[in-house]
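# Analysis of the macromolecular model
Residue strings, one per chain:
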Amino acid sequence: MIDRDELLHVARLARLALRDDELDSTAAELSTILDHIATFDELDLGGVEPTAHVGDVDDSLRTDEVRASLPRDVALAPAPAVRDDGFLVPSPQGE
Amino acid sequence: MAGHELEPVIGLEIHVQLRTATKMFCGCALGFGEPPNTRTCPVCLGLPGALPVANAEAIHYGLMIGMALDSELAPVSTFHRKNYFYPDLPKGYQISQFDLPLCSGGKLGKVNIHRVHLEEDAAKLNHAGASGRIEGADSSIVDFNRGGTPLAEIVTEPELRSAEQVGEWLRLLRTTLRTLGVSDVNMEEGSLRCDANISLRPTGSDQLGTKTELKNMNSFRFIERGIRAEVERQRALIEEGESVTQETLHFDPKTESITSLRSKEEAHDYRYFPEPDLPPVVITEAMLARAAAELPELPAAREQRYIDELSLSPESARLFAWRAELADYFDAVRASEASLEPQQAANWVTELQGRLGDQEAVDSNVTAASLAKLASMVASATINQGGAKQVLDQLVEHGGEPEAIVAAEGLEAVGGADELAPIVAEALDANPELTERLRGGDMKPIGVIVGEVMKQTRGRADGKEVTALVRQQLGLS
Amino acid sequence: MSEELQALSAADAAAAIAKGDLGRGELFEHYRARAASDELNAFTWVAESMPDSVDGPLGGVPIAVKDLFCTEGIPSQAGSKILAGYCPPYTATAVANLEAAGAPILGKTNQDEFAMGSSNENSAYGPVQNPWDRSRVPGGSSGGSAAAVAAGLAPWALGTDTGGSIRQPAALCGIVGLKPTYGAVSRYGMIAFASSLDSAGPLTRNVTDAALFYRHLVGRDSADATSVSFPEPIALPTSERLDGITLAVPAALVDGDGIEAGVRDSFEAALESARGLGATVVSCEIPSAPYALSAYYVIAPAEASSNLARFDGVRYGLRVDATNLDAMYTETRHDGFGDEVKRRILIGTYALSSGYYDAYYGRAQRVRTVVASELSAIFQTADFIVTPTSPTVAFGLGERTADPLAMYLSDLFTIPMSLAGTPAISIPSGLSDGLPVGLQICGPAFSENRILGAAHALERAIGFDGSSAWSAL
Ligand SMILES: [Zn+2]
C-alpha cells in the first residue's frame, strides 16, 4: 500500500510532477504492484546473502591514462540552453 | 546549562582532490583552470549509455592514504550510488562509497580517523545573473571540467576540542598528504576542502550536543576563525537558555558572520544502493605491496629521526616534520654545508621562517645554500649573530649571496686581541670615572664600556669577547 | 532477384557477398527500400543510403539497431519523448563491434520507452504491429527489432533483454532471440534501464544467423567494468541430434495457470521433437520462480529510478522551461516520460527510500541469490532448462495496457534467467491459431555455444517457416 502522502514524497524525491488528477489513480496502481511484490515476504531468506552483481570480473579497473575529451561544441550541442560556454540552468536558489 | 563549563566537540570531513592524471571514472584529464567544458566526455557529462570505470591509480592513492593514517584496508571495497538532483551532478547520483569504504578507522597525531572513502567531485556551478531564458529568472551556468575529479573523503572521529587544535591537526594532515604525493592539498584552489561538525557539551560529559555543520572553508585561517565564531555562537545560545538547531552553516570571513545555507529544510534521502556498473574492487596483495613500497617517510617518523639522529630539540623536530616544505628546506640547508651543527641550521631556518609569515622558505628569496653559508659564517665567527641577522634581513628582502652582503656592508666580525684590544683600551681611556669604579669592583658600568666598543665596531664585535678583554685590561680576571 | 534476395538468411547473404555472387550495395538497397516502406512502425529511423562500411566477415549485411543503442550522429531516442531528436556524440560498443565486422546500420528500431514494457505499446513513437496479425502486439521491449526481422524488413537486428525483452518479442514474432550471459556483451552506449540485468543480443531469422551475429557482438570492453571476455570463440552450430542431452522442465511453472493451451501444446510438441532427437526430458523445480517476478519488479525499477535521473533537462533532451530549478526538473520529467516509465521510477524510488530499502531492495537481492542458486543446482544434473518463452501468443493491441500487473506477468518464464545472469535463447516452436509460439532454452553462464547447438538441432526438427510473415513490397 502506498498512500497519497507517501506518493507525493516519493514523487518529490524522483523530481516527477504529479497532477492532482493523477494522484489517486497512480497510488492505486502502485499499491496493486507493491502488494503483488510483497508476496515474496513468504520466502524464508534467513542466512541468504544479497546479490548486487552477477558474474566475476577480475580486472575492472582502468589504468590512469588520458583519453581525448569531447570538443566543447560537441558537448554543448544537445543542451537545451547554453551561455558563456556552459550549460544554462535556472538557479538552484531562484524561486 | 548555565554555570557548567562547556567544551567544543569537533569532527572534520576533509575532501582531498587526488592528483591522478585522469578523472575518477573516465579518461578525461583533470581540469585546472581550462576554458569551461573542455574536459568532458560521455561519462563525466552523464550522457545516456555511458558507464564509469574506476581509476586504478585513485584506488592506489586511497590505499596509500589508508596506510599513512594507519587505517584498516578493506579486502573488498564497493561503490554505491548516492542519489540526489543538482545541476552540478550530471547523472543524478554521485558515485561514492557507503558500507564498505576503502579504509576504516586509523589515527593521525592524536586524532582517530573514522573512515576514508573515494568518490567523484561535483561540477562547478557559476551564477549567471538575473537574465536566464525566462525574463527576470535567476540563472546559473554549469562547467563540468571539475566534475568527476577523484576525491578522498577523510572523516575524523569527533575528538577535536578547539579551533587551534583543528588548525594544527589539519596542517599535519596536509603535510602527510603532500608527503604522500597524492594531492596538491591547496586549500585556495580547492584541492583540500574541510567541513567541520561542531557541538558543545558540559566539560567531562560523554553526551554529544546538537551539532551544526560548517561548510567548505577554504583556508586554515578561515577554518580556525569560523570554528571559533561558531563555538561562541553556540555558547551564547546555550548560556541564554536557547537550543542549537541542527543545520548547515556558512562562515563569511569578511564579516565574521555565520549564516544558514539551506533556508528550505528538506529531508535528504539519498537512497544509497550498490553501484551496479562497478564490480566490487578486490584489493590484491600486489596492490597492497605497491602502496607500501611507495610510502615515503611520514611526519611522525621524520620527527623521531630528527630527534634521534640529528639531536634536534623536540620543538624544532615537530615544527619541521609537521611542515614538510620546511623540513625539506632544512634538509637542503644541511646538505649544502655538511659541517653545520643540525640544531644551528634548524635555528636559522626557524629564524628565517619567522620573517616570512605565510610564505614558504623554499619560495622566498633566500636559497638554502645562502642560508647555510650564513649559518656557517656565524659558526666560524666570521660574522656575529647581530651581523648575521642584518644579512638575513637583506637576503629576505633582495636575495643575493651572504659573503657579498657582508663585504659590501662591512659586517665581518671584529675579533681577537690584536684587533679588539686597542678599541677596548680606547673606550676605557675615554671613560676614566667608569674605569675607576670598575677597578674598585663595581661591575655595573661594564655594559657602558661594552656598548662603546660595539658602537665603535658597528656591532661586529662579540659581546663576550669584549667583556673578557675589559676584565683582562683592568686586571680583574 | 528481389525474392531470391529476401529468401537468403543473413549468414547466406554474407557468404554470397564473400563469394562475389551478391553486391553489398544491392543487398543494402533491397532492405533499405523495405525498411523505408515499413507499415508496422518498426523503424524510428532508416538510413538514406549505404554508409561507408568496412570489409568484414559480416560482409555488408545490414543491421537494424534497437533505438536504445547510442549511434553517433543518428537519432537515439530510446522510445522516449525526453530524448526526441537526440543524436549522441558516440556509438555503443556493441554496434561498433558489428560495424567493425562489416555490418552497416540499416535503421533504428522502435521499442518500449527505455525498454520498459512487454508489448512495445509504451513507445513515445507509437506502437508496433505484429506482422503475423497487425491487430496484435509484437511483444517488447525490442518489439521493433523483432517485427522488422519477422516482416523481412531487416536481415537481422540488435536488441536488448533485461527481463525478457529479446526472447519474448522473438517468440511473439516467430523468430530467434538470444539473451547472452550477463557481461558477455558490452553495455557501453546502451541506454541503461537496469544495469545489473541489461544485456544486448541478436534477433534473427534462424539459429545460425544468431550465432554469426553473436560471434561479433561478444568481447571484453574496457569501457564497461562489468564486461568479461567470452571464454571461447562462438561457433556456427552444426548439431543435428540431442543425444545425451538432458532437458529440465520446471513442471510447476509450466503447468501453472495463465498458460494458454495452444502454447502448452506447442511446447509439448517441441519436447517430443527433442526426445526424437535423443534428448532426455526430466522435470525440475524452481521454487523461487514466482518470487523472482517480485524481485525483478523491485530491482529493475530501483536501478531504473537512478539510471533515469540523468534525464533532467540540463545537458540534453527535453526541457520544460521554468523560472526555478525544481519546477524545471519536475515538469521536464513529467512531460518527458511516459506513464509506465513514471510508474517504475516511482516504484524504484519507493523501494530504495529510507525505511523501505530492507523490505524491498534488500529482500529482492536475496531472492536473486536464491534464484541463481536454484538454477545452478538444476544445471548440475541437466544441460538445459526449457520452458515456453511466453505464457501466451501475441495479444491484442490495447488489451493489457490498462493492467500493468497483467503485463508484468508475461515475463514469468524469462525473468529467472535475467536475475541469474545466465544465457537463454527463444526459437519458434510452431504456431497456435496462426500465431507463433516460442521455446526457451537456458543454460549456465557462458554455455551459449551449447545452447546454440541444441537450438539448431531443434530448429531443424521443428522446421518452422516464418516467410509467410514477410511484408509484401
Ligand atoms: Zn570524462
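Here the structure is a predicted model, which is why all the values come from computation and not from measurement.

Using the criterion set out here, one finds 26 aromatic pairs over all chains in the structure. Relative to Y316 of chain C, the ring of Y86 of chain C lies with its centre 5.5 Å away and its plane at 40 degrees, an arrangement referred to as tilted. Of this pair, Y86 of chain C sits in the loop between β2 (63-66) and α4 (93-100) while Y316 of chain C sits in the loop between α10 (289-307) and α11 (325-336), and the two are 230 residues apart along the sequence. Its relative accessible area of 3% is what places Y86 of chain C among the buried residues. Overall, the relative accessible area of 2% leaves Y316 of chain C in the buried class. Over the face of the ring belonging to F220 of chain B we find R171 of chain B, whose NZ or CZ atom lies 4.8 Å from the ring centre.

Counting residues at the interface gives 60 residues for chain C and 53 residues for chain A. When the two sides are added together, the surface that chain C and chain A hide from each other amounts to roughly 5000 Å², 67% of it contributed by carbon and sulfur. The residue R15 of chain A makes a salt bridge to D326 of chain C at a minimum N-O spacing of 3.1 Å. Applying the counting rule to chain C against chain A returns 24 residue pairs in polar contact (both at pLDDT 80 or more). Of the residues forming the side of chain C that touches chain A, the biggest block, 10 residues, is contributed by helix α13 (residues 358-381) of chain C. Of the residues in the side of chain C that touches chain A, the class split is 33 nonpolar, 15 polar and 12 charged.

Residues E5, E239, E240 and E242 of chain B make up a contiguous surface patch of negative charge. Looking at the element boundaries, E242 of chain B is found in the loop between α3 (220-239) and β14 (248-252).

Let's shift gears to the sheet that holds strand β9 (residues 124-129) of chain B. Pairing in this open sheet of four strands is antiparallel, and the strands run β1(A)-β2(A)-β10(B)-β9(B) from one edge to the other. Two strands bound the open sheet, and with one partner strand each, they are β1 (82-83) of chain A together with β9 of chain B. Note: β1 of chain A against strand β2 (residues 86-90) of chain A, two bridges, orientation antiparallel. Paired with R83 of chain A across the strands is G86 of chain A, a residue of β2 of chain A.

Turning next to the domain arrangement of chain C. Residue and element names in this part refer to chain C. The domain architecture assigned to chain C consists of domain 1 (2-238 + 462-471) and domain 2 (289-368). Look at where the C-alpha atoms of domain 1 and domain 2 centre, and you get two points 27 Å apart. Here domain 1 meets domain 2 over a buried area of about 1700 Å², counting both sides, of which 65% is carbon and sulfur. When residues of domain 1 are sorted by the area they lose upon contact with domain 2, I82, M116 and F193 head the list and together hold 37% of the total. Looking at the side of domain 1 that touches domain 2 residue by residue, the class counts come to 10 nonpolar, seven polar and two charged.

Another aspect to go through is the packing of helix α1 (residues 56-68) of chain B against helix α2 (residues 163-180) of chain B. Residue and element names in this part refer to chain B. Taken N-terminus to C-terminus, the directions of α1 and α2 make an angle of 130 degrees; their axes are 10 Å apart at the nearest point. As summarised for this structure, α1 and α2 are arranged oblique, according to the angle between their axes. Crossing handedness for the pair α1 and α2: right-handed. Across from M64, I65 and A68 in α1, the residues of α2 making contact are T176, L177 and L180. Of the residues assigned to the contact of α1 with α2, the class counts are five nonpolar, one polar and no charged.

What follows covers the coordination of the zinc ion. Residues and elements named next belong to chain B. At this site the zinc ion is bound by C26 (SG), C28 (SG), C41 (SG) and C44 (SG), with donor distances of 2.3 to 2.4 Å. Each of the four donor atoms around the zinc ion contributes to a set of angles spanning 102 to 117 degrees, which defines the coordination as tetrahedral. Within one chain, the residues serving as donors to the zinc ion are arranged as C-x1-C-x12-C-x2-C. Placement of C28 in the loop between β1 (6-17) and α1 and of C44 in the loop between β1 and α1 is noted, with a sequence separation of 16 residues between them. As far as the burial class goes, C28 and C44 line up, both buried.

Quick look at the sheet that holds strand β16 (residues 273-274) of chain B now. The strand order across the open sheet built from three strands is β5-β4-β16 (chain B), with neighbouring strands paired in antiparallel fashion. For this open sheet the edge positions go to β5 (93-96) and β16 of chain B, each flanked by a neighbour on one side alone. Where strand β4 (residues 80-83) of chain B lies against β16 of chain B, two bridges are found, and the strand directions are antiparallel. Opposite H80 of chain B, over in β16 of chain B, you have P274 of chain B as the bridge partner. In this fold α10 of chain C packs onto β4, β5 and β16 of chain B, with an angle of close to 60 degrees to the strand it touches most, β4 of chain B.

By secondary structure assignment, the location of N307 of chain C is in helix α10. Only 2.9 Å separates the side chain of N307 of chain C from the backbone oxygen of F193 of chain C, close enough to count as a polar contact. With sequence-adjacent residues up to four places away left out, N307 of chain C is seen in contact with R81 and Y93 of chain B together with A192, F193, A194 and S195 of chain C.

On to the interface of chain A and chain B. Each partner contributes residues to the interface: chain A has 35 residues there, and chain B has 52 residues. Applying the counting criterion to the chain A and chain B interface returns zero salt bridges. Where chain A touches chain B, the interface holds 21 residue pairs in polar contact (both at pLDDT 80 or more). Residue contributions to the side of chain A that touches chain B peak at five residues, all from β2 of chain A. As judged from the four bridges shared by β2 of chain A and strand β10 (residues 139-143) of chain B, these two strands associate in the antiparallel manner. The partner of F87 of chain A across the bridge, within β10 of chain B, is V142 of chain B.

To continue, consider unusual backbone geometry. Cis geometry is adopted by the peptide bond preceding S141 of chain C, which originates at G140 of chain C and carries an omega value of 5 degrees. With respect to the secondary-structure elements, S141 of chain C resides in the loop between β3 (105-109) and α5 (143-150). A positive phi angle, close to 40 degrees, is found at V185 of chain B, a residue other than glycine. Note that V185 of chain B resides in the loop between α2 and β12 (192-202).

Rules used in this analysis
Residues numbered from 1 in each chain as written. Chains lettered and ligands numbered in written order. Predicted model: local features only at pLDDT ≥ 70, side-chain atom pairs only at ≥ 80, totals over all residues. Heavy atoms only, no water. Phe/Tyr/Trp six-rings, centres within 6.5 Å; stacked < 30°, edge-to-face > 60°. Helix = DSSP H or I, 4+ residues; strand = E, 2+ residues; numbered from the N terminus. Buried < 20%, exposed > 50% of the residue type's maximum accessible area, 1.4 Å probe, protein only. Lys NZ or Arg CZ within 6 Å of the ring centre and 35° of its normal. Contact = heavy atoms within 4.5 Å. Buried area = accessible area lost by both parts, 1.4 Å probe. Salt bridge = Lys/Arg side-chain N within 4 Å of Asp/Glu carboxyl O. Polar contact = N/O pair within 3.5 Å; in protein donor to acceptor, adjacent residues only side chain to side chain. Nonpolar A, V, L, I, M, F, W, Y, C, P; charged D, E, K, R; others polar. Patch = residues over 30% accessible without salt bridge, like charges linked within 9 Å, V, L, I, M, F, W, Y side chains within 5 Å. Areas by Shrake-Rupley, 256 points an atom, 1.4 Å probe, with all protein chains shown as cover. Lys, Arg positive; Asp, Glu negative; His and termini not counted. Charge placed at Lys NZ, Arg CZ, Asp CG, Glu CD. Pairing = 2+ DSSP bridges. Domains from an automatic or database assignment. Axes fitted to C-alpha atoms, helices over the stretch in contact; angles between N-to-C directions. Parallel < 35°, antiparallel > 145°, perpendicular 65-115°, else oblique. Left-handed = near helix turned anticlockwise from the far one by under 90°. Donors = N, O, S within 2.8 Å, 3.2 Å for Na, K, Ca; no water. Tetrahedral: all angles 85-135°; square planar, octahedral: opposite > 155°, others 65-115°.

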